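# Per-entry structural report
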Amino acid sequence: MKGNTTFVHQLNVDDNTSFAECSVPSISFTIGTNRDGRRQNGSFLVSIHLSKGMRHMYKRMAGVLVFMFLCLVAGLAASTNQLTEEIGRSGIVFVQIPSGSFIMGQSELAEPLHRVEISQFHLAKYEITYQQWSEVYDWAVTHGYDFTNPGEAGYNPQGNRDLNPVADINWYDAVKWCNALSEKEGRTPCYYLDAKHQHPYRKGRFALKNEWVKWKTNGYRLPTEAEYEYAERAGSTTRYHWGEKYDEGAKYSCLVRSHPVGSRLPNNWGLYDMQGNVYEWCWDRYGDYSAEPQIDPVGPRDGDRRVVRGGTCCQYNLLESARRLNSVPVLKLKYYGLRIACSVR
């Protein structure tokens, strides 16, 4: 061997890879990451460069180097499901949901099955708590908003009431609360009373249309039904996000009574209570699925009912990822709550 010796280990670096370099004396390694700095699944390159003075020591160091390499690979693998998180001004934690596609629906439960593509968005890690709801509610009613219901703490709540999910709210309450939080934080509201987006929705009960929503602004909104199922599945294709049978369900959801948010295990994307605790209002009107592939669907243009998703602690037999329920938007129940989304942070 002459000059410096390079030992290279390479695993299928894709076309979207950039590189960040680290080094110690006489040794350097390069790890592939994607452009926003988050590691790609199994997509990296590691090179170890040994100077001429060190190559005679390689045999003695080989075991140590291999151990270091395996630790590095293990660390990368362990972090692949750790999505980017951010805490908003109001203390709400958001998870950055990656873009992707999935088969929406389930045989004999929600048909027809169809492929849906979802753009990147941000989703609250937890259901909105009663404490978070109350803080925004108190601000909103002094800033031009009205609500039909003040909200309650969960369904027969256990533990800290303030940390239970808010419940007993209708769809109109949920939508106006999203706008109020946006304005409270100095963000642009998502929901308006006109297609030109000139009059934010703050009062009354109106059948908001899809085109009245400012989808790509930095304000807060309800997730669409497709976004909810995509995030709930978190890459899974099974009946529940944890598997085909409910046997493991108690690890992810409570029974009979609601609990403080985040008390059970999260799904693979770090989202809590996506199946169970309280139902969560979605934006969409309820209607039949189309068999055609779709990109970022927002639901039917017409209809009198809105979608609720995620199941509840008092109906644990209705927790499947594809399970669809619907309700008239004026209805409030002890197990109707919300989780919020944001297109742009």
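See the structure shown above.
Position numbers for residues start from 1 in each chain and track the written sequence from start to end. Predicted model: local features are reported for residues with pLDDT of at least 70 only, side-chain atom pairs are reported and counted for 80 or more only, and whole-chain, interface and lining totals are derived from all residues. Water and hydrogen atoms were dropped before computing side-chain values, which therefore reflect all heavy atoms in the structure.

### Comments concerning the packing of aromatic side chains
- Any two of the Phe, Tyr and Trp rings considered here, Trp counted by its six-membered ring, make a pair once their centres fall within 6.5 Å; the pair's planes then place it as stacked at under 30 degrees, edge-to-face at over 60, or tilted in between. As enumerated under the stated definition, the model contains 21 aromatic pairs in all.
- Consider the rings of tyrosine 126 and tyrosine 272, whose centres lie 5.1 Å apart with planes at 25°: the pair is stacked. Taken together, the residues span a long stretch of sequence, with tyrosine 126 in the loop between β9 (121-124) and α2 (130-140) and tyrosine 272 in the loop between α4 (225-233) and β13 (279-285) at a distance of 146 residues.
- With centroids separated by 5.0 Å and ring planes inclined at 40°, the aromatic side chains of tyrosine 137 and phenylalanine 147 adopt a geometry described as tilted. A residue pair is termed long-range when its members are at least 10 positions apart, and tyrosine 137 in helix α2 and phenylalanine 147 in the loop between α2 and β10 (152-153) qualify at 10 residues. A single burial state applies to tyrosine 137 and to phenylalanine 147, both of which are buried.
- Each ring is checked for a lysine NZ or an arginine CZ that lies within 6 Å of its centre and within 35 degrees of its normal; such an atom marks a charge sitting over the ring. Over the face of the ring belonging to tryptophan 171 we find arginine 306, whose NZ or CZ atom lies 3.9 Å from the ring centre. Put simply, DSSP H or I for four residues or longer makes a helix, DSSP E for two residues or longer makes a strand, and each gets a number counted from the N terminus. For the exposure calls, accessible area comes from a 1.4 Å probe over protein chains only, and a residue counts as buried if that area is under 20% of its type's maximum, exposed if over 50%, partly exposed in between.

### A word on a nonpolar patch on the surface
- Surface patches are drawn from residues lacking salt bridges whose relative accessible area is over 30%; two like charges belong together within 9 Å, two nonpolar side chains (Val, Leu, Ile, Met, Phe, Trp, Tyr) within 5 Å. Only the protein chains shown count as covering a residue, and every accessible area follows the Shrake-Rupley method with a 1.4 Å probe. We count a salt bridge whenever a side-chain nitrogen from Lys or Arg sits within 4 Å of a carboxyl oxygen from Asp or Glu. A surface patch of nonpolar side chains, about 190 Å² in accessible area, is lined by Val328, Val330 and Leu331.
- Along the chain, the position of leucine 331 falls in the loop between β16 (325-327) and β17 (336-337).

### Focus on the pattern of salt bridges
- According to the stated counting rule, one finds 15 salt bridges in the structure shown.
- Measuring nitrogen to oxygen at the nearest pair gives 2.9 Å for the salt bridge that ties aspartate 146 to lysine 176. Placement of the pair is aspartate 146 in the loop between α2 and β10 and lysine 176 in helix α3 (residues 171-184), with a sequence separation of 30 residues.
- A relative accessible area of 30% means that aspartate 146 is categorised as partly exposed.
- Residue class for lysine 176 comes out buried when judged on its relative accessible area of 1%.

### Re the pairing of strand β15 (residues 306-309)
- Residue alternation in β15 divides its side chains into two sets, Arg306 and Val308 and Val307 and Arg309, and both sets are buried.
- Of the pairings in the sheet, the one linking β13 to β15 comprises three bridges and is antiparallel in character. Residue pairing across strands places arginine 285 opposite arginine 306, the latter belonging to β15.
- The pairing of β15 with β16 spans three bridges and is classified as antiparallel. Among the inter-strand pairings, valine 307 is bridged to a residue of β16, identified as asparagine 326. In this analysis, strands are considered paired if DSSP registers two or more bridges between them.

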